[in-house]
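Working through the structure, step by step
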Amino acid sequence: RWLLPDLGVPEQARDQHAGRYVAELLVGADSDAAGRAWHAVAGDDSGDVELLEVLRDGAAVPTPRGTEFAAGDRLLVRGAWSDIEAFRRRRGLDWD
């Protein structure tokens, strides 16, 4: 195995990250997201968080943005880490 050297990101502070993250969030029974579709869950305060996919019973849901979320659903989201974490806390979602 070969690893590429870490050359860093030019003109970026050491504690910042230039990229976006992908995370899997779990909808619990007591989550604010249960029984609601993405547009109602995201609202105006979701920041940079974008829904990529909804996984239900191990399979991808065909139309993730129009589907009402159920307890046990896994939301695959992308965005800035701080926005994902804030979104997760506000909506009562768990890390999966």
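Refer to the structure above for everything that follows.
Our subject in this report is the structure included herewith.

The rules behind these values
Residues numbered from 1 in each chain as written. Predicted model: local features only at pLDDT ≥ 70, side-chain atom pairs only at ≥ 80, totals over all residues. Heavy atoms only, no water. Salt bridge = Lys/Arg side-chain N within 4 Å of Asp/Glu carboxyl O. Helix = DSSP H or I, 4+ residues; strand = E, 2+ residues; numbered from the N terminus. Buried < 20%, exposed > 50% of the residue type's maximum accessible area, 1.4 Å probe, protein only.

1. As for the pattern of salt bridges
- Inspection of the entire model under this criterion finds 10 salt bridges.
- In this structure, aspartate 73 engages arginine 56 in a salt bridge whose closest nitrogen and oxygen atoms are separated by 2.6 Å. With aspartate 73 in the loop between strand S3 (59-60) and strand S4 (74-79) and arginine 56 in strand S2 (residues 50-56), this residue pair connects regions lying 17 residues apart in the sequence.
- Residue classification places aspartate 73 among the buried residues on the basis of a relative accessible area of 2%.
- What makes arginine 56 partly exposed here is its relative accessible area of 27%.
- A salt bridge links arginine 89 to glutamate 85, with the nearest nitrogen and oxygen atoms 2.5 Å apart. A residue pair is termed a helical-turn pair when its members lie 3 or 4 positions apart in one helix, as arginine 89 and glutamate 85 do in helix H2 (residues 81-91) at 4 residues.
- On the basis of relative accessibility, which here comes to 60%, the residue arginine 89 falls in the exposed class.
- A cluster of three or more residues bridged by salt bridges with shared partners is formed by Arg20, Asp48, Glu50, Arg65 and Arg78.

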